[in-house]
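Here is what each chain is made of, one letter per residue.
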Amino acid sequence: MKLEIVAGLSLKCLKPRVWDRRSEYHLPGLRAVMVSYAEFHQMPAQRRQAMERGLREHLGIPRRIKIYLDNGAFYFLGRDGQTPRREYEEFVAQSHPDWYPIPQDFIPSPQMTRAEQRRCFQRTMRVNRAYQQDGFVPVIHTGKFLEQYTAALRESEQLAGKKSLALGGIVPNLLRSPKAAPYAEILAGLIHVRQVFADKHLHVFGIGGTATLHLAALLEMDSVDSSGWRNRAARGLVQLPGSGDRMVAELGSWRGREPSREEWEWLEACPCPACRQFGIAGLKARKIYGFCNRATHNLWVLLEENRRIERRLANNTYSKWCERHLDNSIYLPLVHQLLKQKNSGRL
Ligand SMILES: [Zn+2]
């Protein structure tokens, strides 16, 4: 099965228009984008227009690209407020996104106590049950209550019958924050979810860079979203296949590792639309022009990495390839573990 990359957009700046065939930054491999309800909440005029014309027409996104809506739970939690559920429902009904989660979920962090995580689980399940009748996608979280989540979903005929399911909270757990569960435990949880809901479309919220993509592909997830291509570009960073980010433009106080000589050579020959047209000078540039070049480059690298993973898995050359390719990645031990499970038939 194919893993779909969902490119996170920002309403504040829709450039680069990577989905648009007429744009110099068009990426033909892109199949899906995501916008956040939090942004519509902050911009009432945009919200109204999207509801009047539909999200697709408002953003100018062609039919071949799927539009995912994020509920903005993270934003609303950070502001100590409740998600405006009624308004979110109204927005979904009138703007017609292709995919949309329940209005609110309560994201546990690895730092939380067990009791606090239980409370997140209970509150999120309450919303899952309240929206079990419509096209709302239920949300569950990695952490201490993943198995309780799968049990609770299976208890409800309507929730168990849903075609899609979204999975949050993976990246903070994988980033090794002090109280994060051991890797093995997290992976076991994810394998469990995939097995229990074998026929469902499983979406993973907020995957970071290229390395985590490998984990999602090995876990046979169906789609992942990422805003990293834009966030990194805004900080002057470009993504390289298999390895981390490199700093190519010094913007403000951000510092990062600069490319090595070989990496500059690789970037010089990079066949992405931005590098092909505007070269290294384009990547290094300031302002919106530099941002568009870096962002397009970063998303291209992500899509290309996904294509290569898929091909390597299909022709059974993945395990050998990833040793070289993911060299130095902190995720390589996890990839090993997943491959071992795959080979033993447990995945
Ligand atoms: Zn490039």
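Computed from a predicted model, the values in this text were never measured in an experiment.

A.B. asks: Could you give an account of the sheet that holds strand β7 (residues 223–226), naming the residues involved and the relevant values?
C.D. replies: If you trace the 7 strands from one edge of the open sheet to the other, you get β3-β2-β1-β7-β6-β5-β4, paired in parallel fashion. Since the sheet does not close on itself, it has two edges, and those belong to β3 (66–70) and β4 (139–141), each with one partner. The average undirected angle you get between the axes of adjacent strands in this sheet is 30°. Here strand β6 (residues 201–204) pairs with β7 via 2 bridges, running parallel. Looking at the pairing, Val-204 lines up with Val-224 of β7.

A.B. asks: Which residues make up the packing of helix α11 (residues 210–218) against helix α17 (residues 332–343), and what values go with them?
C.D. replies: Put simply, α11 and α17 touch, their axes get as near as 10 Å, and they point 15° apart. In terms of orientation, α11 and α17 fall into the roughly parallel class. Of the two elements, α11 crosses α17, and the hand of that crossing is left-handed. Across the interface between the two elements, His-214, Leu-215 and Leu-218 from α11 touch Leu-334, Val-335, Leu-338, Leu-339 and Lys-342 from α17. For the contact of α11 with α17, a count of residues per class yields 6 nonpolar, 1 polar and 1 charged.

A.B. asks: Outline a positive patch on the surface, listing residues and values.
C.D. replies: Together, Lys-2, Arg-21, Arg-31 and Arg-64 line one region of the surface with positive charge. Inspection of the secondary structure puts Arg-64 in the loop between α3 (55–59) and β3. Given the relative accessible area of 30%, Arg-64 is considered partly exposed.

A.B. asks: Which residues make up unusual backbone geometry, and what values do they have?
C.D. replies: Between Lys-15 and the following residue, Pro-16, the backbone shows a cis peptide bond with an omega angle of -5°. With a phi angle near 55°, His-96 is a residue other than glycine that sits in the positive phi range. When you line up the elements, His-96 lands in the loop between α5 (85–95) and α6 (114–130). Although it is not a glycine, Glu-220 sits at a positive phi angle of roughly 60°.

Reading guide: rules and limits
- Residues numbered from 1 in each chain as written.
- Predicted model: local features only at pLDDT ≥ 70, side-chain atom pairs only at ≥ 80, totals over all residues.
- Heavy atoms only, no water.
- Pairing = 2+ DSSP bridges.
- Helix = DSSP H or I, 4+ residues; strand = E, 2+ residues; numbered from the N terminus.
- Axes fitted to C-alpha atoms, helices over the stretch in contact; angles between N-to-C directions.
- Parallel < 35°, antiparallel > 145°, perpendicular 65-115°, else oblique.
- Left-handed = near helix turned anticlockwise from the far one by under 90°.
- Contact = heavy atoms within 4.5 Å.
- Nonpolar A, V, L, I, M, F, W, Y, C, P; charged D, E, K, R; others polar.
- Patch = residues over 30% accessible without salt bridge, like charges linked within 9 Å, V, L, I, M, F, W, Y side chains within 5 Å.
- Areas by Shrake-Rupley, 256 points an atom, 1.4 Å probe, with all protein chains shown as cover.
- Salt bridge = Lys/Arg side-chain N within 4 Å of Asp/Glu carboxyl O.
- Lys, Arg positive; Asp, Glu negative; His and termini not counted.
- Charge placed at Lys NZ, Arg CZ, Asp CG, Glu CD.
- Buried < 20%, exposed > 50% of the residue type's maximum accessible area, 1.4 Å probe, protein only.

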